[in-house]
Amino acid sequence: TDCHYCLQSLRGRKYALREENAYCVTCYDSLFANPCEECKQPIECDSKDLSYKGRHWHEGCFKCAKCSRSLVEKPFAAKDELLLCTECYSDEYSSKCFHCQKTIMPGSRKMEFKGSSWHESCFVCQYCRQPLGTKPLITKDNENYCVPCFEKQFAHHCYSCKKVITSGGVTYHDQPWHKECFVCAECKTQLSGQRFISKDDYPYCVDCFSKLYAKKCASCKKPITALGGPKFVSFEERQWHGECFNCAKCSVSLVGQGFLTWQDDVLCHKCGSA
């Protein structure tokens, strides 16, 4: 058999095959040997050719660009076309875990949250210590909690239905309520953002309170409530709005004035004397 390129006999000589053609070592190296990325010399056919992403190295040249330790059959990482052992890569480029402050090694799973990085085993609920992974979470005082634990530890529970208040809510008598649970004790109309009156620790809309509890003005017969004005007059089991306490005959206001009574009427002194 002869060399496919130089046609010299290969009998008794080393040779290499390529695409079923035989080449002498000299021709093979000159035609097909890859240049080494490190030493730039050809990787001859009797040398081991190590390749990574289209680049080639001699076995002895395949080493960490920083510490020069061999990377043969060892894990490594690439950065800016340089090959680094995992230790050097971690020292130079790897993130530090927000919780334990240790390096997050290349190849290990990294969790990112609010601009910080975490080991998967460190990214856990502060209360139950279970991994949070990609589950919904809530942060309080720089600590992370799964939703059930946060609700158990910190969330307010509605005074009415006892369920967790996740957003909004109303405070009444120092107790939290859902907006939809804060209703009139009588007609169940929602009172959030509305005027209401409290009695016996229960809220009532103005209409219901007036119907149930407010005293009626002896003159206009309408309920007397604080919402109707701060002033009212009371006399012998009867009450009047301040603006309704007038002489029954001449309609002059009797608030702060002396008056006389005649049957169910109140009269100013002038009309009463007449």
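Residues numbered from 1 in each chain as written. Predicted model: local features only at pLDDT ≥ 70, side-chain atom pairs only at ≥ 80, totals over all residues. Heavy atoms only, no water.

### Notes on the overall build of the protein chain
Applicable threshold: Helix and strand definitions follow DSSP, with helices as H or I runs of at least four residues and strands as E runs of at least two, each counted in order from the N terminus. This radius of gyration counts C-alpha atoms alone. The globule rule is 2.2 Å times how many residues there are, raised to the power 0.38. Accessibility here uses a 1.4 Å probe with only protein chains present; expressed as a share of the type maximum, an area under 20% marks a residue as buried, one over 50% as exposed, and anything in between as partly exposed. Here the accessible surface of atoms and residues is derived via Shrake-Rupley with a 1.4 Å probe, and residues count as covered only by protein chains that are part of the display.
Summing up its helical and strand segments, the protein chain has five helices and 20 strands in all. The C-alpha atoms of the protein chain give a radius of gyration of 46 Å, which is well past the 19 Å a tight globule of 274 residues would have. Split into buried and exposed, the 274 residues of the protein chain put 31% on the buried side. Here the protein chain displays about 18,700 Å² of accessible surface, and carbon together with sulfur accounts for 47% of that area.

### Topic: the pairing of strand β4 (residues 55–58)
As a reminder, the rule being used: We treat two strands as partners when DSSP finds at least two bridges between them.
Both faces of β4 are covered, namely the face carrying R55 and W57 and the face carrying H56 and H58. Examined bridge by bridge, strand β3 (residues 49–52) and β4 share four bridges and lie antiparallel to one another. Opposite S51, over in β4, you have H56 as the bridge partner. Taken together, β3 and the strand that follows it, β4, pair antiparallel across an intervening segment of two residues, in which K53 is found at a positive phi of about 50°.

### With respect to unusual backbone geometry
Located in the positive-phi region is K162, a residue other than glycine, with phi close to 70°. Within the fold, K162 resides in the loop between α3 (147–153) and β11 (170–172). In this structure K162 comes out as exposed when scored by relative accessible area, which is 55%. The phi torsion at S251 lies on the positive side, around 70°, for a residue other than glycine. For S251, the position within the fold is in the loop between β18 (238–241) and β19 (260–262). Given the relative accessible area of 49%, S251 is considered partly exposed.

### Points about the UniProt feature "domain: LIM zinc-binding" (unreviewed entry) in the protein chain
Keep this limit in mind: UniProt positions are given in the numbering used here, feature names are shortened, and annotations may be inferred rather than shown by experiment.
Per the UniProt record, "domain: LIM zinc-binding" (unreviewed entry) is found at residues 34–94, 95–156, 157–214 and 215–274. The distance separating the terminal C-alpha atoms of residues 34–94 is 32 Å; by composition the span is 11% helix and 26% strand.

### Observations regarding the pattern of salt bridges
Short version of the rule: When a carboxyl oxygen of Asp or Glu lies within 4 Å of a side-chain nitrogen of Lys or Arg, that pair is called a salt bridge.
Scanning all chains against the criterion turns up two salt bridges. Taking the shortest distance from any N to any O, the salt bridge between E87 and R69 comes out at 3.9 Å. Of this pair, E87 sits in helix α2 (residues 86–92) while R69 is found in the loop between β4 and β5 (76–79), placing the two residues 18 residues apart along the sequence. Look at E87 and you get partly exposed, because its relative accessible area is 41%. Note that E120 is salt-bridged to R109, the shortest N-O span being 2.9 Å. Here the residue E120 occupies a position in the loop between β8 (116–119) and β9 (137–140), and R109 occupies one in the loop between α2 and β7 (110–113), the gap between them amounting to eleven residues. Residue class for E120 comes out partly exposed when judged on its relative accessible area of 35%.

### Focus: the pairing of β8
Bridge analysis of β7 against β8 gives four bridges, and the strand direction is antiparallel. Paired with M111 across the strands is W118, a residue of β8. Turn length for the β7-β8 hairpin, with the two strands adjacent in sequence and antiparallel, is two residues, and the turn residue K114 shows positive phi of about 55°.

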